[in-house]
Amino acid sequence: MTSRRLALTRAGVLLTAAPFVVLLSAAAAITVGPSDISTLDVYGVVAAKLGLGTSELTLIQQGIVWDLRLPRTVLAGICGAGLAICGVILQSLLRNPLADPFVLGISSGASTGAVAIVVLGIGAGSIGLSAGAFVGALASFALVIALATLAGGTTDRLVLSGIAATQLFSALTSFIVFTAADAEQTRGVLFWLLGSLSTASWTDVIVCGGVVLFGLVLCLGTASWLDAFAFGADAASSLGVNVARTRMLLLILTALMTAVIVSTSGAIGFVGLVLPHLARAIVGVGHRLLLPSAALIGAIFLIWVDTAARTVLDPQELPVGVATALIGVPAFALVLLRSRRA
């Protein structure tokens, strides 16, 4: 069996099985916690809320499932999928295996924009928060591109520029918090900045889910363009791709997705760095299969990481960004060593 056929076989198995694994993971994750709730209870609550049946749980238990655990678990899956998609886009466009929204400073910029909205009171609601995060993400990424271009435009300069932007916007975020926030805001913002899904709501699910779904559909429509970028900008141009317009469109899309995810979950690192490499190892480099595969793997991964984060130190909660970093840093080191050998 050729490597191409083997990759297609793996992709078929993954894309067939993974959606069911996502659903089963979500159902199982909702049952984990101090309240004794089974998977059948979860299905009963969902059916009751949709008018398709009744639930034998108390109103308090139904509230725990529908208002707390279910939106949090669904949002974790959406954020994991979105971050993995962003990682695939950035690594393909920039031809850099170390590119992701966290490493390139996009998450830090989005965090600064979102914190400015929360602390300074500009705008209102999740739409205003997402808009502030989007502006911050665009500002950060524009700075990274400008610095990298002025420094020579190589991939190592891009990563170094991302590190510089991350430090700058992290400092700006800290400055805003410590000069304008009260003690209660400071505690809440600092915990959120480490990555937290504890405030997940159905509004967050709808907004974030809509943006991520739009991003996935748009990326699938441009999958052949992303394949062309694997050979470099000149090769993509010779194949009929409008390089400047395509790159700008997809980079803005990445900034938008990152901004919405950060506005709902804080800065969660390493998901967009590590999981695209895992997906490539399974299904190959073709983006028509790679994008949905990475999204499904990202969803499964973050659902279980968030479940562990909220239960492993019970009654305390570990920020999910801390948990992903504990897993992602060794994986980042592995990717770094592999890229050096390549």
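That block above? That's the structure.
Okay, so let's go over this structure. (Residues numbered from 1 in each chain as written. Predicted model: local features only at pLDDT ≥ 70, side-chain atom pairs only at ≥ 80, totals over all residues. Heavy atoms only, no water.)

**As for the overall build of the protein**
A count of helical and extended segments in the protein gives 14 helices and 0 strands. Beginning at the N terminus, the succession of helices and strands in the protein can be written as α-α-α-α-α-α-α-α-α-α-α-α-α-α. Relative to its length of 342 residues, the protein is compact, with a C-alpha radius of gyration of 20 Å against a globular reference of 20 Å. Over its C-alpha atoms, taken along the principal directions, the protein stretches across nearly 65 × 60 × 35 Å. By the burial criterion, 51% of the 342 residues in the protein qualify as buried. If you take every contact in the protein between residues at least 6 apart in sequence, the share linking residues at least 24 apart comes to 76%. Here the protein has roughly 15,700 Å² of accessible surface; of this, 69% comes from carbon and sulfur atoms. (Helix = DSSP H or I, 4+ residues; strand = E, 2+ residues; numbered from the N terminus. Rg over C-alpha atoms; globule rule 2.2 N^0.38 Å. Buried < 20%, exposed > 50% of the residue type's maximum accessible area, 1.4 Å probe, protein only. Contact = heavy atoms within 4.5 Å. Areas by Shrake-Rupley, 256 points an atom, 1.4 Å probe, with all protein chains shown as cover.)

**Side note on a nonpolar patch on the surface**
A grouping of Leu24, Leu40 and Tyr43 is seen on the molecular surface, where their side chains present a nonpolar patch of about 360 Å² in accessible area. Relative to the elements of secondary structure, Leu24 occurs in helix α1 (residues 3-31). Accessibility expressed as a relative area gives 56% for Leu24, which makes it exposed. (Patch = residues over 30% accessible without salt bridge, like charges linked within 9 Å, V, L, I, M, F, W, Y side chains within 5 Å. Salt bridge = Lys/Arg side-chain N within 4 Å of Asp/Glu carboxyl O.)

**A few points about the nonpolar core**
Residues Ile85, Leu90, Val115 and Cys208 are the most contacted members of the largest nonpolar core, which totals 86 residues. If you tally residues by element for this core, the top one is helix α3 (residues 59-94), at 14 residues. The contacts of Leu90, once residues within four sequence positions are left out, are Arg95, Ala99, Asp100, Pro101, Leu104, Ile106, Phe141, Leu251 and Thr254. In this structure, Val42, Ile64, Val65 and Leu70 belong to the second largest nonpolar core, which totals 9 residues. (Core = buried A, V, L, I, M, F, W, Y, C linked by side-chain atoms within 4.5 Å.)

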